[in-house]
Amino acid sequence: MYVLFLPVGHIHEDVDQMFSCVEQHLRHTNVCTLEDLAKEAAKSFTPNTDVRPVITVQDVKALFSQHLYSQFANHSRPLWFRFRKVDKRCYMHFKKWECEMWEPESCEEYPHGYLVLKDVPELHQRVEWVMSNLERLDVEKLTKELPEAYRHRLPSAAQHWWAKFISNLSSTYEVLSSFWCSSHVY
């Protein structure tokens, strides 16, 4: 089985056409706030798209973490991954670009690649949804630096919008969270 994460703009999926239309529209439109972005993205494709913030994702990490052979790190750099089943075990190779050789090279220590799974997870089990959180967001720094960095580029109405958005970030997030929890059907 191959799972490919190709470079942005080169995935050739059906959704590319929609994002291409959004990109073309935004090239000729000033977008200064998240509201502007949602409004312009919605009208850039026919039929109009439904633009919503992503505040939850499926917790695939929790599903697989107990089955991983060891801790994984630095896995955001490669763009290509190859998984192979050898003697009922899952092995992985990776590379950054298509023209490169798969790593790790076959050697005594890694004859089939990196051992990935110590056992196979039950894939029919329900994957939980998790909400994004603001714990690592430095709101104080954002409040200070954003207006300074963009005051010459943003119209005053957009500056005020961002100041209000940042000052209400926690409550805005809570509103989105409560909306999600009350309206999402599992």
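Residues numbered from 1 in each chain as written. Predicted model: local features only at pLDDT ≥ 70, side-chain atom pairs only at ≥ 80, totals over all residues. Heavy atoms only, no water.

(A) Just the environment of Arg153, in detail. For Arg153, the position within the fold is in the loop between α4 (139-150) and α5 (156-167). With 121 residues separating them in the primary sequence, Arg153 and Cys32 have C-alpha atoms 9.2 Å apart. (Helix = DSSP H or I, 4+ residues; strand = E, 2+ residues; numbered from the N terminus.)

(B) Seen up close, the pairing of strand β4 (residues 89-95). Counting buried residues in β4 gives five out of seven residues, a clear majority hidden from the surface. Summarising the sheet, strand β3 (residues 80-86) and β4 pair through seven bridges and their orientation is antiparallel. Following the sheet pairing, Phe83 is matched in β4 by Met92. (Buried < 20%, exposed > 50% of the residue type's maximum accessible area, 1.4 Å probe, protein only. Pairing = 2+ DSSP bridges.)

(C) Molecular detail of the side chain of Lys95. Its place among the elements puts Lys95 in strand β4. Here Lys95 is buried and forms no salt bridge, its nearest opposite-charge partner Glu98 lying at an N-O distance of 6.5 Å. With sequence-adjacent residues up to four places away left out, Lys95 is seen in contact with Pro78, Leu79, Trp80, Glu100, Met101 and Trp102. (Lys, Arg positive; Asp, Glu negative; His and termini not counted. Salt bridge = Lys/Arg side-chain N within 4 Å of Asp/Glu carboxyl O. Contact = heavy atoms within 4.5 Å.)

(D) Main features of the packing of aromatic side chains. By the definition in use, this model includes five aromatic pairs. Ring centres of Trp162 and Phe165 lie 5.6 Å apart, and the angle between their planes is 80 degrees; on these two criteria the pair is classed as edge-to-face. Of the two residues, Trp162 and Phe165 both sit in helix α5, three residues apart, roughly one turn of that helix. By relative accessible area, Phe165 is classed as partly exposed at 21%. Following the ring pairs from residue to residue traces out a cluster consisting of Phe94, Tyr110 and Tyr114. Across from the ring centre of Trp80, 5.4 Å away, lies the NZ or CZ of Lys95, which sits over that ring. Directly above the ring of Trp102 sits Lys95, whose terminal nitrogen or CZ lies 4.4 Å from the centroid. (Phe/Tyr/Trp six-rings, centres within 6.5 Å; stacked < 30°, edge-to-face > 60°. Lys NZ or Arg CZ within 6 Å of the ring centre and 35° of its normal.)

(E) Fine view of the side chain of Glu40. Residue placement: Glu40 occurs in helix α2 (residues 34-43). Residue class for Glu40 comes out buried when judged on its relative accessible area of 9%. The contact partners of Glu40, leaving out residues within four places of it in the chain, are His25, Leu26, Thr29 and Val31.

(F) View of α5. Helix length check: α5, at 12 residues, gives a terminal C-alpha distance of 16 Å against a target of 16 Å (1.5 Å per residue), a fit within 8%. All buried positions along α5 are accounted for by Ala158, Trp161, Trp162 and Ile166. Looking straight down α5, one finds its buried side chains confined to an arc of 125 degrees; they lie on one side. Seen from the buried face of α5, the exposed residues on the opposite side, beyond 90 degrees, are Ala157, His160, Lys164 and Ser167. (Expected span 1.5 Å × (residues − 1). Arc of directions from axis to C-beta.)

(G) Quick peek at the pattern of salt bridges. Considering all chains together, one arrives at two salt bridges under this definition. Between Glu23 and Arg27 there is a salt bridge; the shortest N-O distance is 3.1 Å. Take Arg27: its relative accessible area is 56%, and that puts it in the exposed class.

(H) Here's a closer look at the environment of Pro104. Assignment of secondary structure puts Pro104 in the loop between β4 and β5 (114-117). Owing to a relative accessible area of 10%, Pro104 belongs among the buried residues under this scheme. Considered as a pair, Pro104 and Met92 are 12 residues apart in the sequence and their alpha carbons are 8.7 Å apart. Pro104 has contacts with Met92, His93, Tyr110, Gly113 and Tyr114, leaving out every residue within four places of it along the chain.

(I) Examining the packing of helix α1 (residues 15-26) against α2 more closely. Between α1 and α2, the shortest axis-to-axis distance is 9 Å and the interhelical angle comes to 120 degrees. Judged by the angle between their axes, α1 and α2 are oblique. When you trace α1 past α2, the crossing you get is right-handed. Taking contact as the criterion, the partners of Val22, His25 and Leu26 in α1 are, on α2, Leu37, Glu40, Ala41 and Lys43. Classifying every residue of the contact of α1 with α2 gives four nonpolar, one polar and two charged. (Axes fitted to C-alpha atoms, helices over the stretch in contact; angles between N-to-C directions. Parallel < 35°, antiparallel > 145°, perpendicular 65-115°, else oblique. Left-handed = near helix turned anticlockwise from the far one by under 90°. Nonpolar A, V, L, I, M, F, W, Y, C, P; charged D, E, K, R; others polar.)

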